[in-house]
Structures are given as C-alpha cells and as structure tokens.
Amino acid sequence: MRYITFPTTLVLQAIADGGRYGFDIADRTGLQTGTVYPALRRLELLGFVRSSWESEKIARREQRPARRYYEITRAGSEGLSTALKRFENLGRLNSRTRHA
C-alpha cells in the first residue's frame, strides 16, 4: 500500500464526501488549487480516483469551462481508510508528547 500525504488525504476525503471537480474540492478542503490539482493527478496515477470530462455542451450552456469530474475507486476507498488510521495515530502521538 502506498502512503499519501495529509493534503492528498484531505483531497481524497473531499471526493469521498461528494466533491467532484477541482474548485469544489479546493472549497471543501481550504487548500489552494496549486495543491489540489497535483494531488488529483497523484491520486489518479495511484488508481485511487478516476476522472472524466463533462460534455462541452453542458459547460457552454452554463457559460463556463468544462469541468473534469472525479470519483473515488475501490482502491481509493481502501487508501483513504488506511490514511485516516495513519493520521489518527499521528494525532495520538502528538497528544502524548504534549502531556510528557
């Protein structure tokens, strides 16, 4: 299992929670688009998400650029679960060092 960084985990969690395109994911995570889009590329290379472009016709009708929509894969769900456990343990380690 390949590990992912905390910001990439936030991006994956946002997709799992229903975020579907870059700006939506940036809004949900509070991350800059310069962090979100590279994370999306890494997640797709890992097979954790898959993407597809919306129809130009829909984008034109709504007078905006076409969106690239992302969805989490089964491997992505497993990777997210592993990452959340990993960062949960990091939080426990941090609270132990504060109380020592």
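So, a few notes on the structure that sits alongside this text. (Residues numbered from 1 in each chain as written. Predicted model: local features only at pLDDT ≥ 70, side-chain atom pairs only at ≥ 80, totals over all residues. Heavy atoms only, no water.)

## Notes on the pattern of salt bridges
Turning to step 1, where the next piece is worked out: A full pass over the atoms with the stated rule returns five salt bridges.
Turning to step 2, where the next piece is worked out: For Glu44, the salt bridge identified is with Arg68, shortest N-O distance 3.3 Å. Taken together, the residues span a long stretch of sequence, with Glu44 in helix α3 (residues 33-45) and Arg68 in strand β2 (residues 68-72) at a distance of 24 residues.
Turning to step 3, where the next piece is worked out: According to the relative accessible area criterion, Arg68 is partly exposed, its value standing at 31%.
Turning to step 4, where the next piece is worked out: Two residues, Arg64 and Glu62, come together in a salt bridge whose shortest N-O distance is 2.8 Å.
Turning to step 5, where the next piece is worked out: A relative accessible area of 19% means that Arg64 is categorised as buried.
Turning to step 6, where the next piece is worked out: A relative accessible area of 44% places Glu62 in the partly exposed class.
Turning to step 7, where the next piece is worked out: Connected through shared salt-bridge partners, Glu54, Glu62 and Arg64 make up one network. (Salt bridge = Lys/Arg side-chain N within 4 Å of Asp/Glu carboxyl O. Helix = DSSP H or I, 4+ residues; strand = E, 2+ residues; numbered from the N terminus. Buried < 20%, exposed > 50% of the residue type's maximum accessible area, 1.4 Å probe, protein only.)

## Quick look at the environment of Thr29
Turning to step 1, where the next piece is worked out: Summarising the element assignment, Thr29 is placed in helix α2 (residues 22-29).
Turning to step 2, where the next piece is worked out: The sequence separation of Thr29 and Leu10 amounts to 19 residues, and the corresponding C-alpha distance is 6.3 Å.
Turning to step 3, where the next piece is worked out: Apart from residues lying up to four places away in sequence, Thr29 is in contact with Leu10, Val11, Ala14 and Val36.
Turning to step 4, where the next piece is worked out: Among the polar contacts made by the side chain of Thr29, one reaches the main-chain amide nitrogen of Leu31 at a distance of 3.1 Å. (Contact = heavy atoms within 4.5 Å. Polar contact = N/O pair within 3.5 Å; in protein donor to acceptor, adjacent residues only side chain to side chain.)

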